[in-house]
Amino acid sequence: ETKSSFHILRHYTVHTNTIYEMEKDEKKEKINNLDVPFMTVTHSSQPSANVGERPAVPSDLKPTRRRILVIYTGGTMGMKKEGAGYKPVQKYLAEMMELMPELHTDRMPEWNLLEYSPLLDSADMNEGDWVKMASDIEYHYYEYDGFVVIHGTDTMAYTASALSFAFENLGKPVVLTGSCTPIVEVVSDGRRNLIVSMMIAGYCDIPEVCVFFNSKLLRGNRTSKVDAWGLGAFSSGYFPPLATLGLQLKLNVKAFLPQPKGRFRVHKKFDSNCAVLRMLPGLSEEIVKNVLRDPIKGLVIQLYGVGTMPQRK
C-alpha cells in the first residue's frame, strides 16, 4: 500500500512500498532469547521552572507494550558509506534497524517506520516540510502512544520549535533526534540516540515536542544547536533538561508541561515573512529600516547581554 511520498514499514520488516506483518510467533522466540538491560527511570528532586506538575511516572515501565511511529525524514543517522563519503539511501536505515537486536526485544515498544521519499536534507527544510510532518503525526495520532522524528541536526531545533507551536493540546511525546555519525559506523552516537528516543516516546508520558541528543531530553522550543563538532550538540540554555541520561534516565517531572484538557489540533499555516537581526556596534539606522520594509511581518532582534540595546543614535 502506497501513501503519498512515503512508505510504511510495519513490525520491523522491510518490504518495498507495502505494509507487511511478520509471523509474530516466529519472532517472539528470538526476542525472548535477547538480554538487553531495560532502562530504569528515576525522578530528579532538583527544583526547576514552575511550569506545572504531574504525577510521577512509575519507575517500572514494562507493564504493557506500547506502540510508536518512527518518522525518518533524512539526516546523517541513516546515511550509507559510499566511496570516501556518505550519502542518504532509501530504505537503508530500515535495513540497519532490522539488524539491531536491541529494537526487537519485548522491552522496547512496538514500532513502525515511516520513511520519506525523497529523504530530506535538513538544510533545505522549510515551512512546507513542517506542515507535512505535522500532518503525518495528526493522521496517525490515535494509532500510537508516541512519535520519534529522525532529522538532520542543522535545522532540528527549528523543526522542533515549529512543531511545538503547530500542535495544540498535544498529549503524547514527539521526540526529535538525529546523530553526528551514521548509524552504520562501529562507533556511532546514532544507535543510542535512536534507542533512547524510542523508549522515551513509548514509555514516558511527556505531552510535548522534545529533542533528545547525546544524554539530554530538551524542550523543543527552547533548543538550539550550540556545537557542530561535539556529541552534545544541543542545549536549551537557561531552561533545564526534561530528562538526563546516565546509568538511569532521570526525569525532571516538574519541568513537564501539564497534560492538556482539550482535543488535539494541528495548525498548518506558517508565515515565512520574518527575519532575525543581530545587533552590532555601529549598526546603521538605514539597515534596520530596510530590514523592516514590506513584506516582513515579524523581526527578532538579538541584543547584547540580558537585552541591552544602544540608547545613542
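Worth saying up front: this structure is predicted, and the values here are computed from it rather than measured. (Residues numbered from 1 in each chain as written. Predicted model: local features only at pLDDT ≥ 70, side-chain atom pairs only at ≥ 80, totals over all residues. Heavy atoms only, no water.)

## Things to note about the packing of helix H3 (residues 127-140) against helix H4 (residues 156-166)
Then, number 1: Close contact between H3 and H4 brings their axes to 10 Å; oriented N to C, the two are set at 55°. By the angle between their axes, H3 is oblique relative to H4. Between H3 and H4 lies a crossing of right-handed hand. Contacts between H3 and H4 involve Trp130, Met133 and Ala134 from the former and Tyr158, Thr159, Ala162, Leu163 and Ala166 from the latter.
Then, number 2: Broken down by class, the residue content of the contact of H3 with H4 amounts to 7 nonpolar, 1 polar and no charged. (Axes fitted to C-alpha atoms, helices over the stretch in contact; angles between N-to-C directions. Helix = DSSP H or I, 4+ residues; strand = E, 2+ residues; numbered from the N terminus. Parallel < 35°, antiparallel > 145°, perpendicular 65-115°, else oblique. Left-handed = near helix turned anticlockwise from the far one by under 90°. Contact = heavy atoms within 4.5 Å. Nonpolar A, V, L, I, M, F, W, Y, C, P; charged D, E, K, R; others polar.)

## Topic: the packing of aromatic side chains
Then, number 1: Scanning the entire structure with this criterion turns up 7 aromatic pairs.
Then, number 2: A ring pair is formed by tyrosine 141 and tyrosine 142, whose centres lie 5.0 Å apart and whose planes are at 90°; its orientation type is edge-to-face.
Then, number 3: With a relative accessible area of 56%, tyrosine 142 lands in the exposed category.
Then, number 4: Geometrically, the ring pair formed by phenylalanine 213 and phenylalanine 234 is edge-to-face, given 5.0 Å between the ring centres and 65° between the ring planes. In this pair, phenylalanine 213 sits in strand E10 (residues 209-213) while phenylalanine 234 sits in strand E13 (residues 234-235), placing the two residues 21 residues apart along the sequence. Here the two residues phenylalanine 213 and phenylalanine 234 agree in accessibility, since each one is buried.
Then, number 5: Ring pairs connect the aromatic residues Tyr141, Tyr142, Tyr144, Phe147, Phe167 and Phe264, which therefore count as one cluster. (Phe/Tyr/Trp six-rings, centres within 6.5 Å; stacked < 30°, edge-to-face > 60°. Buried < 20%, exposed > 50% of the residue type's maximum accessible area, 1.4 Å probe, protein only.)

## Thoughts on the pattern of salt bridges
A pair can form between side chains of opposite charge whenever their charged atoms are brought close.
Then, number 1: Counted by the stated rule, this structure contains 11 salt bridges.
Then, number 2: With its nearest N and O atoms 3.4 Å apart, the salt bridge here joins glutamate 102 to arginine 191. Taken together, the positions of glutamate 102 in the loop between helix H2 (92-98) and strand E6 (110-116) and arginine 191 in helix H5 (residues 189-203) put the pair 89 residues apart, joining distant regions of the chain.
Then, number 3: Accessibility expressed as a relative area gives 28% for arginine 191, which makes it partly exposed.
Then, number 4: With a shortest N-O distance of 2.6 Å, arginine 219 and glutamate 208 are connected by a salt bridge. Taken as a pair, arginine 219 in strand E11 (residues 216-219) and glutamate 208 in the loop between H5 and E10 lie far apart in primary sequence, 11 residues in all. In terms of burial, arginine 219 and glutamate 208 fall into one category: buried.
Then, number 5: Via salt bridges that share partners, Arg66, Asp145 and Asp205 belong to a single interconnected network. (Salt bridge = Lys/Arg side-chain N within 4 Å of Asp/Glu carboxyl O.)

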